Amino acid sequence: MQVVNSIAMLQHSRAGFSGSIGLVPTMGALHQGHITLVDRARTENDHVIVTIFVNPTQFSPDEDLAAYPRNLDADLEKLEAAGVDVVFTPNNSLMYPDGYQTYVEVADLTRNLEGGHRPGHFRGVTTIVTKLFNLTQAHRAYFGQKDAQQLVTIRRMVHDLNIPIEVIPCMTVREIDGLAMSSRNVYLSAKERGEAAVLYRVLQAAARAYDDGERNIKTLETIMQDTINTSSVAEPDYMSIVNAATLESLERADDDAVLLASLAVKIGHARLIDNMLIPGYLNTPEGLLAHLGNPQR
Ligand code: AMP
């Protein structure tokens, strides 16, 4: 496994590849969720490039950029064991040299949910992801369902800007109690960690009510609210159900609608996010590819 931290080294490694390349962009502090993306990229491509970069432009000044967990040695061990070819670990000045002033922005899809609560976040994400797509010239890029708005936004960007890459969504990997794995889970105290599975219960409650025939979105959102209220430590930023393709809110779900239930919740010092497609049976690799990915080149 080659670990490269300059563009010249990355391009040298890249030039030695023949066949398809799978890209897995990450911010490091890797867990089994990330490794599942890497494993899938390994299976579907001749070569795998993983990037580790805590991208400053996707954090606002009041967020956890400085505190964000970093553990490069452990990350490299995991990636080596997973059979990765190249790990790209640029620093800030390589990605944003003096005089940098070009940004990529997806308009409507980034207005609500995470975009509504983290101004500038998606502009940072789409900018760095475009740069990584250009630098690696990968054929497929792997992203987790956990960041569903990120997936839908990147899919739109790839389509709008004619970027020749397949966006492959991968299912959210969960702890045994249902908590989505996240680098930020280390911020939780033992007591908070015990309560954090409430996020998953909120999503399950909405999906169950939908399965039982409830189609009124306000009622489904009230069920989410009632479920989060069972925890004394969880403070939601938002909890909502939107059209999964447009991320627009709606009053009632048609029977053939595909919905995205999502939430961001503060527990202690951690801000956790999670989501689920509704109906719940769509939360499979095929369902995600159809509704969050871009299966066609
Ligand atoms: P991050 O390092 O948090 O920016 O995540 C890098 C990639 O891993 C993103 O595409 C995330 O959606 C994905 N990811 C993070 N956590 C999980 C998880 N629990 N299951 C699946 N994918 C995940």
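Attention in this report is confined to the structure presented alongside it. Remember, it's a predicted structure, so these values are computed and weren't measured experimentally. (Residues numbered from 1 in each chain as written. Predicted model: local features only at pLDDT ≥ 70, side-chain atom pairs only at ≥ 80, totals over all residues. Heavy atoms only, no water.)

1. Here's the deal with unusual backbone geometry
The phi torsion of most residues other than glycine is negative, and most of the peptide bonds are trans. The criterion, for reference: The way it works is that DSSP assigns letters per residue, a run of H or I at least four long becomes a helix, a run of E at least two long becomes a strand, and they are numbered from the N terminus. When accessible area is computed with a 1.4 Å probe and restricted to protein chains, residues below 20% of their type maximum are described as buried, those above 50% as exposed, and intermediate ones as partly exposed.
Cis geometry is found at the peptide bond from I278 to P279, where omega equals 5°. Within the secondary structure, P279 is located in the loop between β9 (270-278) and α11 (285-292). In this structure, N162 is a non-glycine residue whose phi angle is positive, near 55°. By relative accessible area, which is 64% here, N162 ends up exposed. With phi around 60°, L247 is a residue other than glycine that occupies positive phi space. Assignment of secondary structure puts L247 in the loop between β7 (234-243) and β8 (259-267).

2. Regarding the nonpolar core
For clarity, the cut-off: Here the nonpolar core consists of buried residues drawn from Ala, Val, Leu, Ile, Met, Phe, Trp, Tyr and Cys, with membership extended through side-chain atoms lying within 4.5 Å. When checking whether two residues touch, look at their non-hydrogen atoms; a contact exists if any pair is within 4.5 Å.
Counting 46 residues, the largest nonpolar core has V129, F133, F143, I154, M157 and L277 as its most contacted members. Ranked by residues supplied to this core, first place goes to helix α6 (residues 121-136) with seven residues. If we ignore the near neighbours within four places in the chain, the residues touching F133 are L23, A138, A141, F143, I154, M157, V158, I163 and I165.

3. Structural notes on the sheet that holds strand β3 (residues 47-52)
Filter applied, for reference: Two strands are said to pair when DSSP picks up at least two bridges between them. To obtain an axis, a line is fitted to C-alpha atoms, over the contacting stretch when the element is a helix, and the angle between two such axes runs from 0 to 180 degrees between their N-to-C directions.
Strand order across the open sheet formed by six strands is β1-β4-β3-β2-β5-β6, with parallel pairing between neighbours. The outermost strands of the open sheet, each flanked by one partner alone, are β1 (2-4) and β6 (166-170). Sheet twist, expressed as the mean angle between neighbouring strand axes with direction ignored, is 25°. In terms of strand pairing, strand β5 (residues 140-144) meets β6 through five bridges, oriented parallel. Within β6, the position partnered with F143 by the bridge is P169. In this fold helix α1 (residues 7-15) packs onto β1, β2 (21-26) and β4 (86-88), with an angle of close to 145° to the strand it touches most, β1.

4. Looking at the packing of helix α9 (residues 198-211) against helix α10 (residues 217-228)
What counts, and what does not: Take the far helix as your reference; a near helix turned counterclockwise from it by less than a right angle gives a left-handed crossing, and one turned clockwise gives a right-handed crossing.
Contact geometry for α9 and α10: axes closest at 9 Å, N-to-C directions at 150°. In this structure, α9 crosses over α10, and the sense of that crossing is right-handed. Where α9 abuts α10, its residues V198, R201, V202, L203, A205, A206, A209 and Y210 lie against L220, I223, M224, T227 and I228.

5. Points about the environment of V54
One can find V54 in the loop between β3 and α3 (72-81). The exposure class of V54 is buried, given its relative accessible area of 11%. Excluding its chain neighbours within four sequence positions, the residues that come into contact with V54 are M27, F59, L65, Y68, R70 and N92.

6. Examining the site of the ligand
Heads up, the rule is: For this description, a residue counts as near a given molecule or strand if any of its non-hydrogen atoms is within 4 Å of it. In protein, a polar contact requires one atom able to donate a hydrogen and another able to accept it; more generally it is a pair of N or O atoms within 3.5 Å, and residues adjacent in sequence count only if both atoms are side-chain atoms. For the accessible areas, the method is Shrake-Rupley and the probe is 1.4 Å, while residue cover comes only from the protein chains on display. Lys, Arg, Asp and Glu make up the charged group, whereas Ala, Val, Leu, Ile, Met, Phe, Trp, Tyr, Cys and Pro make up the nonpolar group; the residues left over, Gly among them, are polar.
Around the ligand lies a shell of 17 residues, among which H34, G144, D147, V173 and M181 are the nearest. Within the backbone of M27, one N or O atom sits 2.9 Å away from an oxygen atom of the ligand. Contact with the protein chains removes 93% of the 480 Å² of surface that the ligand exposes when unbound. When residues in the shell around the ligand are grouped by element, the largest group, three residues, is from helix α2 (residues 32-44). Residue composition of the shell around the ligand, by class: eight nonpolar, seven polar and two charged.

7. Details of the pattern of salt bridges
As a reminder, the rule being used: A carboxyl oxygen of Asp or Glu within 4 Å of a side-chain nitrogen of Lys or Arg is what we treat as a salt bridge.
One pass over the full model with this rule turns up 16 salt bridges. The salt bridge involving E114 is made with R271; its shortest N-O contact spans 2.9 Å. Highlighted residues: E114 in helix α5 (residues 113-117) and R271 in strand β9, separated in sequence by 157 residues. Here R156 and D160 are joined by a salt bridge, their closest N and O atoms 2.8 Å apart.

8. As for the packing of helix α7 (residues 148-160) against α11
Condition: Comment on the angle field: the value is read as roughly parallel under 35 degrees, roughly antiparallel over 145, roughly perpendicular from 65 to 115, and oblique elsewhere.
At a closest axis distance of 10 Å, the pairing of α7 and α11 adopts a crossing angle of 50°. Of the possible angle classes, the one that applies to α7 and α11 is oblique. For the pair formed by α7 and α11, the contact residues are A148, L151, V152 and R155 on the first element and A290, H291 and L292 on the second. Across the contact of α7 with α11, the residue classes tally to five nonpolar, one polar and one charged.

9. Examining the pairing of β8
β8 sits mainly inside the fold: eight of its nine residues count as buried. With nine bridges connecting them, β7 and β8 associate as antiparallel partners. In the sheet register, V242 faces β8, and the bridge partner there is L260. The hairpin formed by β8 and β9 contains two residues between the paired strands, and G268 there has a positive phi angle of roughly 60°.

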